[in-house]
Amino acid sequence: GCTSLTTVNVPDGVEIIGPLTFCNCASLESIELPETVTALGSNSFSATGLKTLILPDGITSIGEYALLGNTQLTTLKLPANLKTLGNNVLNDSAVTELTIPGGVQRVGTLAFAKCSQLERVRIEPGVVQLGPSCFSKCAALKRVEMPASVTQIGGGAFFGNVGSFLDGYEFDAVVLDDASLDHPQELSVRARLERAAYLADDRNLTAKFVAGQKILG
């Protein structure tokens, strides 16, 4: 909670950044970590002012909440040798692109949730499991490169985004026509859907798909 701290240069020989070390250092904009660091503890860099964070490849473990609430963080490079990626590790950041190294067998629950500007994710071969809601509420997410090694995807991993359209997923959907639900203003797709949920009836239902097969309409 050193709110006036702006720059940190961690000396060689330091191996672990402990829990809460730089938590709530809201003015912290720059940090240099040596190659000797192997682990970031829980909440170690949560709620800082960091804009760019390049993590040295010697880091193998990032604890839960380690980078939570870094709302100004636009660039993050995860270490090539990373093996453990905790729960809620990067919620609510401004990161736009992300590469998850193949050594991370499991991406933690809610790991990258609420990263509202995240557009592209590359998951390297070797990753096996995506924890529940790990990319939930990433409203800008457009592209996910997912290897064949991913065999387990937790519930709601891509809730609200692209989960139903990934290769190998069964497609369940209803098609609504809201033309009869007039509104004096132009609404977003989300607002139209929410409005239809309250006002539409069977007359607005034009088609229904289950497991990719059209069963109505």
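Before reading further, recall that the structure is shown in the block above.
The rules behind each value
- Residues numbered from 1 in each chain as written.
- Predicted model: local features only at pLDDT ≥ 70, side-chain atom pairs only at ≥ 80, totals over all residues.
- Heavy atoms only, no water.
- Buried < 20%, exposed > 50% of the residue type's maximum accessible area, 1.4 Å probe, protein only.
- Helix = DSSP H or I, 4+ residues; strand = E, 2+ residues; numbered from the N terminus.
- Pairing = 2+ DSSP bridges.
- Axes fitted to C-alpha atoms, helices over the stretch in contact; angles between N-to-C directions.
- Disulfide = S-S within 2.5 Å.
- Salt bridge = Lys/Arg side-chain N within 4 Å of Asp/Glu carboxyl O.

## Observations concerning the pairing of strand β9 (residues 97–100)
Residues Leu-98 and Ile-100 line the buried face of β9, whereas the alternating positions Glu-97 and Thr-99 sit on a face that is not buried. Here β9 pairs with strand β11 (residues 120–123) via 4 bridges, running parallel. From the neighbouring strand, Thr-99 faces β11, where its bridge partner is Arg-122.

## Observations regarding the environment of Thr-151
Note on placement: Thr-151 falls in the loop between β13 (143–145) and β14 (152–153). On the basis of relative accessibility, which here comes to 59%, the residue Thr-151 falls in the exposed class. Between the C-alpha atoms of Thr-151 and Leu-130, which are 21 residues apart in sequence, the distance is 8.6 Å.

## What to know about the sheet that holds β9
Read across the sheet, 3 strands follow the order β9-β11-β13 without closing on themselves; strand pairing throughout is parallel. In this open sheet, the two edge strands, each paired with only one partner strand, are β9 and β13. Direction aside, neighbouring strands of the sheet carry axes that sit 10 degrees apart on average. When β11 meets β13, the two strands line up parallel, connected through 3 bridges. Across the sheet, the residue bridging to Arg-120 is Arg-143, located in β13.

## Section: the state of the cysteines
Counted according to the given criterion, the structure contains 0 disulfides. The thiol of Cys-23 is not disulfide-bonded; the next cysteine sulfur, from Cys-25, is found 7.7 Å away. Among the residues examined, Cys-23 registers a relative accessible area of 12% and is labelled buried. With no disulfide of its own, Cys-25 has Cys-2 as its nearest cysteine by sulfur position, at a separation of 4.9 Å.

## Here's the deal with the pattern of salt bridges
This model, assessed by the stated rule, comprises 9 salt bridges. The partner of Asp-57 in a salt bridge is Lys-77, with the nearest N and O atoms 3.2 Å apart. Taken together, the residues Asp-57 in the loop between β5 (52–54) and β6 (61–62) and Lys-77 in strand β7 (residues 75–77) connect sequence positions 20 residues apart. The partner of Glu-194 in a salt bridge is Arg-190, with the nearest N and O atoms 3.3 Å apart.

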